[in-house]
Amino acid sequence: MHAPAAAAPCIARTIARFVGQVLADTPANILRTLRVLRDEQVKRARAVVETVVALHRSASSVTP
């Protein structure tokens, strides 16, 4: 697996944690919204990683 693709979910979680810490004193409805946004970003990052891995596997399985 390529390092940049593998790092995407970790980067998304790190950013989400940072934002969560910065906004720790905000009302619950804002925090709930941020959690939903975080979860969506993690899903997208995982989808990108899965796509990259699938492309890498299909490219490496092709015989010349």
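In the block above lies the structure referred to throughout.
Throughout what follows, the structure given in this document is the object of discussion.

1. Quick notes on the overall build of the protein chain
Stage number 1. Secondary structure assignment for the protein chain yields two helices and zero strands.
Stage number 2. Counting every position in the protein chain, which comprises 64 residues, the buried fraction comes to 14%.
Stage number 3. Accessible surface, the protein chain: about 5100 Å² in total, of which carbon and sulfur atoms supply 63%.

2. Examining the environment of V49
Stage number 1. Looking at the element boundaries, V49 is found in helix α2 (residues 28-61).
Stage number 2. Note: C-alpha distance between V49 and A8 (41 residues apart in sequence) is 7.5 Å.

Quick notes on the rules
- Residues numbered from 1 in each chain as written.
- Predicted model: local features only at pLDDT ≥ 70, side-chain atom pairs only at ≥ 80, totals over all residues.
- Heavy atoms only, no water.
- Helix = DSSP H or I, 4+ residues; strand = E, 2+ residues; numbered from the N terminus.
- Buried < 20%, exposed > 50% of the residue type's maximum accessible area, 1.4 Å probe, protein only.
- Areas by Shrake-Rupley, 256 points an atom, 1.4 Å probe, with all protein chains shown as cover.

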